[in-house]
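Structure at a glance
Listed below, chain by chain, are the residues.
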Amino acid sequence: MQDRAAAPAQALLVANGPHRRFVLSSGAILVAPAVIFLLACFVVPIAQMVGYSVTAHMDQGVAVPGLTTENYARLFRSNLYWIVLVRTLRIAVITSLICIPIAYPLAYVMARGSAFWSRLVMFTVISPLLVLVVVRAYGWKLILAKQGFLNWLLQNLGIAQSPPALLYTEWAVIIASAHVFLPFLVLPIAGAIGKIDLGVEDAARTLGADWRAVFWRVTVPLSLPGLAVGVTLVFSLTAASYVTPQILGGNFASMLGTLVQQQVLSVNDWPFGAALATVLLIVTLLVNLVLLRLFEHRFARWAGAGAAR
């Protein structure tokens, strides 16, 4: 009896065999362009960069055959590079933290506001991306200069008679980076909030929660996946940025991206520049993995607590 029952199922699998192979082959064809693009534009350049980082280097600027770890040893021997690495991580973390309280109200209006306000906020958030990063950096340079608009405004409002100079400091880089990369945090959070069922928020209000409790106990926990994606994007883009620190930070707030450019283009030391870039890539990946793990743990803990109730 079992053999008779299994026979139709086996016949169905045999009949569907060509169809399954067709589906698999069609899927491979559809995925092939994306795979080729990733290999050509990401995997191969990164592998080449890592290969350069373990290449010996001569004083004439010519890379010679052979593998060496001297480039990494030079990086860890000097306190200068450690200071720049810590500064890079500090600026990236502070920028990400500053963007969070600014991004949530904007994202909430985009996801829950009327059509007019949602479109207006979306245009306001996305419009900086339409301007070249160099133009944005020079615009902030005019605002944050010693005789710039910000100091003029503070003096005329009587807030400070002699405001401190923000240009060529870490805060200048942080302010401009937050302005540049804020959309990469707002959009994921808005997408996450838009997926939250309105019935959940209505149920919380029915149970007596005010708007603050609904936001902190319902909206924020359910939007943690979008927050995790946005924070990792802002952190990674800020840590790897070059134009903004170069124009607004100068030599007083240089970051690893600036050092990579100096080693590659000014000193012509490609192996050491590749070692700096590789360390920056590894550190950024590790920090992002830790952040994602913390967000996932927090989201799972909250979801488990909610299910238990």
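Residues numbered from 1 in each chain as written. Predicted model: local features only at pLDDT ≥ 70, side-chain atom pairs only at ≥ 80, totals over all residues. Heavy atoms only, no water.

Some thoughts on the overall build of the protein chain
Along the backbone of the protein chain there are 14 helices and 2 strands. For the protein chain, buried positions account for 34% of its 309 residues. Of the contacts made within the protein chain by residues no fewer than 6 positions apart, 70% connect residues no fewer than 24 positions apart. Accessible surface, the protein chain as shown: approximately 18600 Å² in total, 71% of it carbon and sulfur. (Helix = DSSP H or I, 4+ residues; strand = E, 2+ residues; numbered from the N terminus. Buried < 20%, exposed > 50% of the residue type's maximum accessible area, 1.4 Å probe, protein only. Contact = heavy atoms within 4.5 Å. Areas by Shrake-Rupley, 256 points an atom, 1.4 Å probe, with all protein chains shown as cover.)

Overview of the side chain of Thr55
Within the secondary structure, Thr55 sits in strand β1 (residues 55-57). A distance of 2.8 Å separates a polar atom in the side chain of Thr55 from the backbone oxygen of Gly51. (Polar contact = N/O pair within 3.5 Å; in protein donor to acceptor, adjacent residues only side chain to side chain.)

Some points on the packing of helix α3 (residues 79-112) against helix α13 (residues 256-266)
Here α3 crosses α13 at 135°, and the two axes come no closer than 9 Å. Classed by the angle they form, the pair α3 and α13 counts as oblique. Facing α3, whose interface residues are Tyr81, Val84, Leu85 and Thr88, α13 presents Leu256, Leu259 and Gln263. (Axes fitted to C-alpha atoms, helices over the stretch in contact; angles between N-to-C directions. Parallel < 35°, antiparallel > 145°, perpendicular 65-115°, else oblique.)

Examining the pattern of salt bridges
Taken as a whole and assessed by the stated rule, the structure comprises 8 salt bridges. For Arg77, the salt bridge goes to Glu70, with nearest N and O atoms at 2.7 Å. Arg77 sits in the exposed class, given a relative accessible area of 55%. On the accessibility criterion, Glu70 (39% relative accessible area) is partly exposed. Several salt bridges converge on common partners, so that one network encompasses Arg112, Glu201, Asp202 and Arg205. (Salt bridge = Lys/Arg side-chain N within 4 Å of Asp/Glu carboxyl O.)

Overview of the nonpolar core
It is characteristic of soluble globular proteins that their nonpolar side chains tend to be buried jointly. Formed by 24 residues in total, the largest nonpolar core has its most connected members in Tyr104, Leu185, Val186, Ile189 and Leu227. Sorting the residues of this core by element identifies α3, α4 (115-126), α7 (170-181), α8 (183-194), α10 (211-222) and α11 (224-239) as the ones contributing at least two each. Not counting residues up to four positions away in its chain, the partners in contact with Tyr104 are Ile189, Ile193, Phe215, Val220, Ser223 and Leu227. One finds Tyr72, Tyr81, Val84 and Val260 within the second-largest nonpolar core, a separate group that totals 19 residues. (Core = buried A, V, L, I, M, F, W, Y, C linked by side-chain atoms within 4.5 Å.)

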